[in-house]
Amino acid sequence: GEVLESGIQNGISPKAASAETPVRCLTLSATTRGKFNSSCFKYVDLDDEVAEKYRLQPGDLLVQRANSIDYVGISAVYDGEAGAFIFPDLMMRMRAGKLVSVEFLHLCLAAEPSRAYMRANATGTQGNMPKVNQGTVSGIPVPVPPLESQHRIVSTVKELLALCDQLKLDLVQARQQREYLASVLVEQAVA
């Protein structure tokens, strides 16, 4: 909570509209993978004046306040168009302050110590929709190295994740090639 620009804000979930409206509200699926997905929303009936205080800005950090025990507290950085969406009551919005990069804060929240903290402090864990509250989220311990170090860490993590993605792709291609070669060998053996 000490590294945020302002307090944590819960969203709003007005009734879904039966037709397209000017207000689009994200669904939980928009952030469940830890990245923002702009295709997961519903149109809602909400006065524009009310919607204004829930409109998202690029760099907003969204945290799921309710989901299954494995996903409660999952965060994603909003990288959509300014004001294009509002966020639902099952999410909280945070804005990083001057001491911390939003990308670094997102990495911290995605790290296993923070995930374990969320799971341990969720309420209603017996049901299928455990919840975390603003106090729980603002109490997550977050290291705060100098901004320059935060940017280096984010850059290094991005490079390593890209390498992991490439290795996964290479493994899939190798498996496909192995299966193809095995089928060719079987064909030749039977012929």
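Residues numbered from 1 in each chain as written. Predicted model: local features only at pLDDT ≥ 70, side-chain atom pairs only at ≥ 80, totals over all residues. Heavy atoms only, no water.

Describing the packing of aromatic side chains
Moving on, step 1. A full pass over the atoms with the stated rule returns six aromatic pairs.
Moving on, step 2. Their ring planes at 65 degrees and their centres at 4.8 Å tell us that Phe36 and Tyr78 sit as a pair that is edge-to-face. Taken together, the positions of Phe36 in the loop between strand 2 (24–26) and strand 3 (41–43) and Tyr78 in the loop between strand 5 (75–77) and strand 6 (91–94) put the pair 42 residues apart, joining distant regions of the chain. For the residue pair Phe36 and Tyr78, the accessibility class agrees, reading buried in each case.
Moving on, step 3. Chaining the aromatic ring pairs together yields one cluster made of Phe36, Phe41, Tyr43, Tyr78 and Phe85.
Moving on, step 4. Seen from the ring of Phe41, Arg24 lies directly overhead, with NZ or CZ sitting 5.1 Å from the centre.
Moving on, step 5. Over the face of the ring belonging to Phe85 we find Arg24, whose NZ or CZ atom lies 4.2 Å from the ring centre. (Phe/Tyr/Trp six-rings, centres within 6.5 Å; stacked < 30°, edge-to-face > 60°. Helix = DSSP H or I, 4+ residues; strand = E, 2+ residues; numbered from the N terminus. Buried < 20%, exposed > 50% of the residue type's maximum accessible area, 1.4 Å probe, protein only. Lys NZ or Arg CZ within 6 Å of the ring centre and 35° of its normal.)

Some details on helix 2 (residues 102–110)
Since one α-helical turn is 3.6 residues long, residues separated by three or four positions face the same way.
Moving on, step 1. For helix 2, the full list of buried residues reads Val102, Phe104, Leu105, His106, Cys108 and Leu109.
Moving on, step 2. Where the residues of helix 2 are buried, they touch strand 4 (61–64), strand 5, strand 6, helix 3 (112–121) and helix 5 (147–190). (Contact = heavy atoms within 4.5 Å.)

Details of a nonpolar patch on the surface
Moving on, step 1. A contiguous nonpolar patch, built from Leu160, Leu163 and Leu167 and spanning about 290 Å² of accessible area, is present on the exposed surface.
Moving on, step 2. Its place among the elements puts Leu160 in helix 5. (Patch = residues over 30% accessible without salt bridge, like charges linked within 9 Å, V, L, I, M, F, W, Y side chains within 5 Å. Areas by Shrake-Rupley, 256 points an atom, 1.4 Å probe, with all protein chains shown as cover. Salt bridge = Lys/Arg side-chain N within 4 Å of Asp/Glu carboxyl O.)

So, the pattern of salt bridges
Moving on, step 1. This model, assessed by the stated rule, comprises seven salt bridges.
Moving on, step 2. Measuring nitrogen to oxygen at the nearest pair gives 2.6 Å for the salt bridge that ties Arg55 to Asp48.
Moving on, step 3. Its salt-bridge partner being Glu148, residue Arg152 comes within 3.2 Å of it at the nearest N-O pair. A residue pair is termed a helical-turn pair when its members lie 3 or 4 positions apart in one helix, as Arg152 and Glu148 do in helix 5 at four residues.
Moving on, step 4. According to the relative accessible area criterion, Arg152 is partly exposed, its value standing at 48%.
Moving on, step 5. Where salt bridges share partners, they join Asp48, Glu52 and Arg55 into one cluster.

Notes on the environment of Glu52
Moving on, step 1. Summarising the element assignment, Glu52 is placed in helix 1 (residues 48–52).
Moving on, step 2. Taking C-alpha positions, Glu52 is 8.1 Å from Ile86, a pair spaced 34 residues apart along the chain.

Topic: the nonpolar core
Side chains that are nonpolar tend, in soluble globular proteins, to be buried together.
Moving on, step 1. The biggest cluster of nonpolar side chains holds 22 residues, and the ones touching the most others in it are Leu61, Val63, Met94, Leu105, Val132 and Val137.
Moving on, step 2. Broken down by secondary-structure element, the contributors of at least two residues to this core are strand 4, strand 6 and helix 2.
Moving on, step 3. Considering each element in turn, this core owes the most residues, five residues, to helix 2.
Moving on, step 4. Excluding residues within four positions of it along the chain, Val63 makes contact with Gly73, Ile74, Ser75, Leu90, Met91, Met92, Met94, Leu109, Met118 and Val137.
Moving on, step 5. Among the nonpolar cores identified, the runner-up in size contains 20 residues, and Val23, Phe36, Leu62 and Tyr78 belong to it. (Core = buried A, V, L, I, M, F, W, Y, C linked by side-chain atoms within 4.5 Å.)

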